[in-house]
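# Analysis of the macromolecular model
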Amino acid sequence: MSIASEGRTEESGPIIGFLDQITLIANVVGSCLIVGLVLLITADVLGRNLFSAPVSGVPEMVSLSIVAIVFLQAPQALRAGRLTRSDGVIDILRERRPVLANGLETVFDLVGMIVVGAILYSHWPIMTRAWERGDFIGAVGNFTAPTWPVKVMLTIGAFLLALQFLARILRRYSR
């Protein structure tokens, strides 16, 4: 059984089940942001072309939202086995040497946790500073938006991603 199909089972216990639910909620929030961006960009294009009145701040909102969307949806992509990577070698090893394949998958997950942990470690002060200082994007008098909500979403998404890497390891060895 692959990790992707393991991620859909509820055999892992209530804590991992709760993590999966929170991960799914983050994914839905990311999807809602995508829909919001589509509506915002559509309104901007229509306003620009029909009324010569573009919506203020669309480029800023798009640039902020893309980062939030990626980090909110990455944990669900990992959980569902849809994170981009090459599985050719692992699939062959899983058939011929399953213990080695599990070991390599665990190394992948541990490295993923370390990388995401480094992102969290370096991002935390940036997020807290944005909150404390009231950092914003845009031009005063035209359009401004605070940056801290996106930085919080990035932190939540990265934290969920690290936990999903850990959950993969736990699922793998709890069978």
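Use the structure listed above.
First, a word on scope: everything that follows refers to the structure included in this document. (Residues numbered from 1 in each chain as written. Predicted model: local features only at pLDDT ≥ 70, side-chain atom pairs only at ≥ 80, totals over all residues. Heavy atoms only, no water.)

## Quick word on the overall build of the protein
Counted only if it meets this: The way it works is that DSSP assigns letters per residue, a run of H or I at least four long becomes a helix, a run of E at least two long becomes a strand, and they are numbered from the N terminus. Based on C-alpha atoms, the radius of gyration is set beside the globule rule, defined as 2.2 Å times the residue count to the power 0.38. Residue exposure (1.4 Å probe, protein chains only): buried if accessible area is under 20% of the type maximum, exposed if over 50%, otherwise partly exposed. Residue contacts are counted whenever heavy atoms from the two residues lie within 4.5 Å of one another. Per-residue and other accessible areas follow the Shrake-Rupley method at a 1.4 Å probe size, with only the shown protein chains counted as cover for residues. In this tally, Asp and Glu contribute negative charge and Lys and Arg positive charge; neither His nor the terminal groups of the chain are included. The location of each charge is read from NZ of Lys, CZ of Arg, CG of Asp or CD of Glu.
Each helix and strand in the protein was counted, giving six helices and two strands. When the helices and strands of the protein are placed in sequence order, the string is α-α-α-α-α-β-β-α. Taking 175 residues into account, the globule formula puts the C-alpha radius of gyration at 16 Å, and the protein, at 20 Å, lies well above it. For the protein, the spread of C-alpha atoms along the principal axes amounts to about 65 × 35 × 30 Å. Counting over 175 residues, the protein shows a buried share of 36%. Taking all contacts inside the protein whose residues are at least 6 apart in sequence as the whole, residues at least 24 apart take part in 74%. Carbon together with sulfur atoms contributes 70% to the accessible area of the protein, which is approximately 10400 Å² in total. Each charge class in the protein was averaged separately, 15 positive and 13 negative side chains, and the resulting centres sit 3 Å apart.

## Remarks on the pattern of salt bridges
Put simply, the rule reads: Salt bridges are identified by distance alone: a Lys or Arg side-chain nitrogen within 4 Å of an Asp or Glu carboxyl oxygen.
Enumeration over the complete set of coordinates arrives at eleven salt bridges. One salt bridge in this structure joins Asp 91 and Arg 94, with 3.3 Å as the shortest N-O distance. On the criterion of helical spacing, the pair formed by Asp 91 and Arg 94 is a turn pair, its members being three residues apart in helix H4 (residues 88-96). On the accessibility criterion, Asp 91 (37% relative accessible area) is partly exposed. On the accessibility criterion, Arg 94 (24% relative accessible area) is partly exposed. Among the charged side chains, a salt-bridge network with shared partners connects Arg 85, Asp 87, Asp 91, Arg 94, Glu 105, Asp 109, Arg 168 and Arg 172.

## Observations concerning the pairing of strand S1 (residues 136-139)
Regular strands show a simple pattern: their side chains alternate between the two faces of the sheet. This is how it is decided: Pairing between two strands requires that DSSP report at least two bridges joining them.
Here four bridges tie S1 to strand S2 (residues 143-146), and the two strands are oriented antiparallel to one another. Residue pairing for S2: Gly 138 is matched across the bridge by Thr 144. Linking two consecutive strands that pair antiparallel, namely S1 and S2, is a turn of three residues; a positive phi of about 95° is found at Gly 141 within it.

## A look at the nonpolar core
Spelled out, the test is: By convention a nonpolar core is built from buried Ala, Val, Leu, Ile, Met, Phe, Trp, Tyr and Cys residues, the set being connected through side-chain atoms within 4.5 Å.
Formed by Phe 71, Ala 74, Leu 78, Val 116, Leu 120, Leu 154, Ala 158, Leu 161, Ala 162 and Phe 165, the largest nonpolar core amounts to ten residues. Of all elements in the fold, only helix H3 (58-79), helix H5 (98-133) and helix H6 (148-173) reach the threshold of two or more residues within this core. Tallying contributions element by element places H6 first for this core, with five residues. With residues near it in sequence (within four places) discarded, Val 116 still touches Ala 158, Leu 161, Ala 162 and Phe 165. If you look at the next biggest cluster of nonpolar residues, it comprises six residues, including Ile 16, Ala 26, Leu 72 and Leu 160.

## Description of the environment of Arg 133
In this structure, Arg 133 sits in helix H5. Classification of Arg 133 by relative accessible area gives exposed; the value is 59%. Taking the C-alpha atoms as reference points, Arg 133 and Val 38, separated by 95 residues in sequence, lie 30 Å from one another.

## Quick word on the packing of aromatic side chains
Applicable threshold: Geometry of aromatic contacts follows a simple scheme: Phe, Tyr and Trp rings, the Trp one being its six-membered ring, pair when their centres are within 6.5 Å, and the pair is stacked under 30 degrees between planes, edge-to-face over 60, tilted otherwise. Throughout this description, the term charge over a ring refers to an Arg CZ or Lys NZ atom that lies within 6 Å of the ring centre and within 35 degrees of the ring normal.
Scanning all chains against the criterion turns up two aromatic pairs. Here the aromatic rings of Trp 131 and Trp 148 are separated by 4.7 Å at their centres, their planes lie at 85°, and the arrangement is edge-to-face. Of this pair, Trp 131 sits in helix H5 while Trp 148 is found in helix H6, placing the two residues 17 residues apart along the sequence. Across from the ring centre of Phe 108, 4.6 Å away, lies the NZ or CZ of Arg 85, which sits over that ring.

## Quick look at the packing of helix H2 (residues 14-50) against H6
The cut-off we apply is this: All axes here are fitted lines through C-alpha atoms, helices being fitted over the stretch that makes contact, and every angle between N-to-C directions spans 0 to 180 degrees. Roughly parallel covers angles under 35 degrees, roughly antiparallel covers those over 145, roughly perpendicular covers 65 to 115, and oblique covers all other angles. When the near helix sits turned anticlockwise from the far one by under a right angle, the crossing is termed left-handed; a clockwise turn instead gives a right-handed crossing.
Where H2 meets H6, the closest approach of the two axes is 10 Å, and the angle between their N-to-C directions is 140°. Judged by the inter-axis angle, H2 sits oblique to H6. Between H2 and H6 lies a crossing whose hand is left-handed. Side by side, H2 and H6 meet where Ile 16, Leu 19, Asp 20, Ile 22, Thr 23, Ala 26 and Leu 33 of the first sit next to Met 153, Leu 160, Leu 163, Gln 164, Ala 167, Leu 170 and Arg 171 of the second.

By themselves, these are just geometric observations and shouldn't be taken as functional.
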